[in-house]
Amino acid sequence: LSSICQPSLTSSMTASSSERIAYEAISLLVLMLLGYLCGRYYPSKFMLPSLNRFVFNLSIPATVFKGLATKDLDSLNWTFVGLFVLLRVISAAAIVVWQLWAWRRKRTDAQTVLATLLVNWIGSTWMNTIIFGIPMLTALYGPKVKILNILAAMGSLIFQLPIMLLIFAWRQELPTQQLDQRFEATSAASSEHVDLKLPPTNSYRQAIEPSPAHPETPTRRPRLASMLKFVGLRLLKTPPMIGIVAGLLYSAIVREAFNSDAFPDWIDGWIRRLGDCVTPLAAFCLGLFIVEREKAFLVYWRHGLTLLACKFVFLPLLCLGLAYALGLDGVEGRSAVLIASLPVAIAGFTLTQKYFPDQSTEAQQQSCLDDVVAGSEVNRHEEYRLLIAGQIIIGSVLMAPLFLAWDAVLESTGAFGSNIDAN
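Keep in mind that what you see is a predicted model, and the values were worked out from it rather than measured.

Parameters and conventions
- Residues numbered from 1 in each chain as written.
- Predicted model: local features only at pLDDT ≥ 70, side-chain atom pairs only at ≥ 80, totals over all residues.
- Heavy atoms only, no water.
- Helix = DSSP H or I, 4+ residues; strand = E, 2+ residues; numbered from the N terminus.
- Buried < 20%, exposed > 50% of the residue type's maximum accessible area, 1.4 Å probe, protein only.
- Contact = heavy atoms within 4.5 Å.
- Areas by Shrake-Rupley, 256 points an atom, 1.4 Å probe, with all protein chains shown as cover.
- Salt bridge = Lys/Arg side-chain N within 4 Å of Asp/Glu carboxyl O.
- pLDDT = per-residue confidence, 0-100.
- Core = buried A, V, L, I, M, F, W, Y, C linked by side-chain atoms within 4.5 Å.
- Phe/Tyr/Trp six-rings, centres within 6.5 Å; stacked < 30°, edge-to-face > 60°.
- Patch = residues over 30% accessible without salt bridge, like charges linked within 9 Å, V, L, I, M, F, W, Y side chains within 5 Å.
- Expected span 1.5 Å × (residues − 1).
- Axes fitted to C-alpha atoms, helices over the stretch in contact; angles between N-to-C directions.
- Parallel < 35°, antiparallel > 145°, perpendicular 65-115°, else oblique.
- Left-handed = near helix turned anticlockwise from the far one by under 90°.
- Nonpolar A, V, L, I, M, F, W, Y, C, P; charged D, E, K, R; others polar.

A count of helical and extended segments in the protein gives 20 helices and zero strands. Buried residues in the protein amount to 48% of all 423 residues. Sequence-distant contacts, at least 24 apart, represent 88% of the contacts inside the protein between residues at least 6 apart. Element-wise, carbon and sulfur atoms account for 62% of the exposed surface of the protein, whose accessible area totals about 20,600 Å².

Let us look at the pattern of salt bridges. Following the criterion strictly, the structure yields five salt bridges and no others. With a closest N to O distance of 2.7 Å, Lys66 and Asp268 form a salt bridge. Of this pair, Lys66 sits in helix H4 (residues 47-69) while Asp268 is found in helix H13 (residues 265-276), placing the two residues 202 residues apart along the sequence. Residue Asp268 is classed as buried on the basis of its relative accessible area, which comes to 16%. A salt bridge links Arg272 to Asp268; the shortest N-O distance between them is 3.5 Å. Taken together, the residues span about one helical turn, with Arg272 and Asp268 both in helix H13 at a distance of four residues. When salt bridges that share partners are traced, they join Arg40, Glu292 and Glu294 into one network.

Next up on the list: the confidence of the model for the protein. With 76% of its residues at a pLDDT of 70 or more, the protein shows a mean pLDDT of 78. A low-confidence stretch, residues 1-11 (pLDDT under 50), is modelled with 20 contacts involving residues beyond four sequence positions or located in other chains. Here residues 175-219 is a poorly scored stretch, pLDDT under 50, and it has 38 contacts once near neighbours within four places are set aside; other chains count.

Counting residues in hydrophobic clusters, the biggest one holds 98 residues, and the most contacted among them are Phe80, Phe84 and Phe289. Per-element accounting of this core gives the leading share, 14 residues, to helix H8 (residues 146-173). In contact with Phe289, other than residues within four places in its own chain, are Leu48, Ile346, Phe349, Ala389, Ile392 and Ile393.

Between two aromatic rings, the relevant description is the distance of the centres plus the angle of the planes. Taken as a whole, this structure holds five aromatic pairs when the rule is applied. Ring centres of Trp121 and Phe159 lie 6.0 Å apart, and the angle between their planes is 80 degrees; on these two criteria the pair is classed as edge-to-face. Placement of Trp121 in helix H6 (residues 110-125) and of Phe159 in helix H8 is noted, with a sequence separation of 38 residues between them. Its relative accessible area of 21% is what places Phe159 among the partly exposed residues.

The next point concerns helix H17 (residues 330-340). Residues spaced three or four apart along an α-helix face the same direction, because each turn holds 3.6 residues. Of all eleven residues in H17, ten are buried; the element is thus mostly enclosed. Among all positions of H17, only Gly330, Val331, Gly333, Arg334, Ser335, Ala336, Val337, Leu338, Ile339 and Ala340 are buried.

Our focus in this paragraph is the environment of Ala93. Turning to its location among the elements, Ala93 is positioned in helix H5 (residues 78-105). With relative accessibility at 42%, the residue Ala93 sits in the partly exposed group. Along the chain, Ala93 and Trp121 lie 28 residues apart, while their C-alpha atoms are 9.8 Å from each other.

For the rest of this paragraph, the subject is the side chain of Ser91. Structurally, Ser91 is set in helix H5. For Ser91, a relative accessible area of 8% puts it in the buried group. Aside from chain neighbours lying at most four places away, what touches Ser91 is Trp121, Thr125, Leu315 and Leu318.

So, about a nonpolar patch on the surface. On the surface, a nonpolar cluster with roughly 480 Å² of combined accessible area is contributed by Leu33, Leu37, Tyr41 and Tyr42. You can see Leu33 is positioned in helix H3 (residues 17-41). Its relative accessible area of 48% is what places Leu33 among the partly exposed residues.

With that settled, the discussion passes to unusual backbone geometry. Positive phi values are uncommon outside glycine, yet Glu292 reaches one of about 70 degrees. Look at Phe416: it is not a glycine, yet its phi comes out positive at around 65 degrees.

With that settled, the discussion passes to the environment of Pro49. On the secondary structure map, Pro49 appears in helix H4. On the basis of relative accessible area, Pro49 is assigned to the partly exposed category, the value being 32%. C-alpha of Pro49 to C-alpha of Phe289: the two residues are 240 residues apart in sequence and 9.8 Å apart in space.

Here H3 is 25 residues long and its end C-alpha atoms lie 36 Å apart, about the 36 Å a rise of 1.5 Å per residue gives. Arg20, Ile21, Glu24, Ala25, Ser27, Leu28, Leu31, Met32, Gly35, Cys38 and Gly39 are the residues of H3 that are buried.

A word on the packing of H17 against helix H20 (residues 380-413). Two elements in contact, H17 and H20, have axes separated by 10 Å at closest approach and are oriented at 150 degrees. Overall, the two elements H17 and H20 adopt an arrangement that is roughly antiparallel. Seen from above, H17 lies across H20 with right-handed handedness. Residues Arg334, Val337 and Leu338 of H17 touch H20, and the partners they reach there are Phe403, Trp406, Asp407, Leu410 and Glu411. Considered class by class, the residues forming the contact of H17 with H20 number five nonpolar, no polar and three charged.

What follows deals with the packing of helix H16 (residues 301-325) against H17. H17 packs onto H16 with a crossing angle of 155 degrees between their chain directions and a minimal axis gap of 8 Å. Classed by the angle they form, the pair H16 and H17 counts as roughly antiparallel. Where H16 crosses over H17, the handedness of that crossing is right-handed. Between H16 and H17, the residues in contact are Lys311, Leu315, Pro316, Cys319 and Leu320 and Ala336, Val337 and Ala340, respectively. Looking at the contact of H16 with H17 residue by residue, the classes come out as seven nonpolar, no polar and one charged.

What follows is the structure in structure tokens.
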């Protein structure tokens, strides 16, 4: 599988940029198709979680570690990291303004507003920087740009992920006993084909909040100290963050101590093989992910089209302006824009599941999806999960033509210089 996604650079770099991008895109689509067929005709509820854990816990950290450990820290362009942090800050501010404007038109509770803001932020800014970004950019500009994908991912891990974990911690600090009981009652009623009537209200939180008739359910204010502790521990335990910290420490201490740019062979062998698994296995997992979710984008297609426009048009345009403002040029400037045009990764769906847990069975999930496509209503948790799933699927399918389009725009306009060397 690794050989499919990693052609010989000596032969591929002689082709045109569009041919190199097309080669990688076709390879990724073939792997996705293989994963889909495997999941469709050989279903296993353990396959996708197991492969995802391998990619997230081992392959991605190995890729990040080697990318940073083999570089001199002084040679890294930290402005590139700052660009993607700033990109997410401005995007979040724009979404907050949009959300407040929508809130004034239709008054909803604070938790619903925050939840919608979080989903819009994931669906419009979370980038597939490692899994798809590395092979696509490497095909275009050569292996030297691999570190740029890692730096862009660092912008996500040091800013966007902590903010999302903080929101998740805040939600955990809220009283959720009644929420869980209502979900259990809903699942039980669905299994018995009983029509469970929720209170008539436009606010999902009002429908599941503890009733005043039960004063024994205490309410408590979220504690900032406990939330920050939760975020800090979760962030330090995140495997990609471990790879980043280990890579930086290795570069700062080991390489400096031995004054050598060479990476030890006894480490390079297994680290390189783990890293080679990232793109093939992740693309295969994406195919498995699509199974039973083919209709996800059709559920809320209007909202989905808005997020697609934000992700593939407005975000790269914003990145283009920020890259010029921060003084990026050449390959770095173009790579930043192309990375911003990448689709949402499966990790975005994982984060959505963390904030909006699913307590229904697989059969109930598929029934719920069919009902929504037919026009029925579902709770907000299912709505947001389906929305992000649709963004991942459609974005991954459209990745190649959109990536080609942005590369053509940058090339035709001479953005960040002309005749940029691809070697």
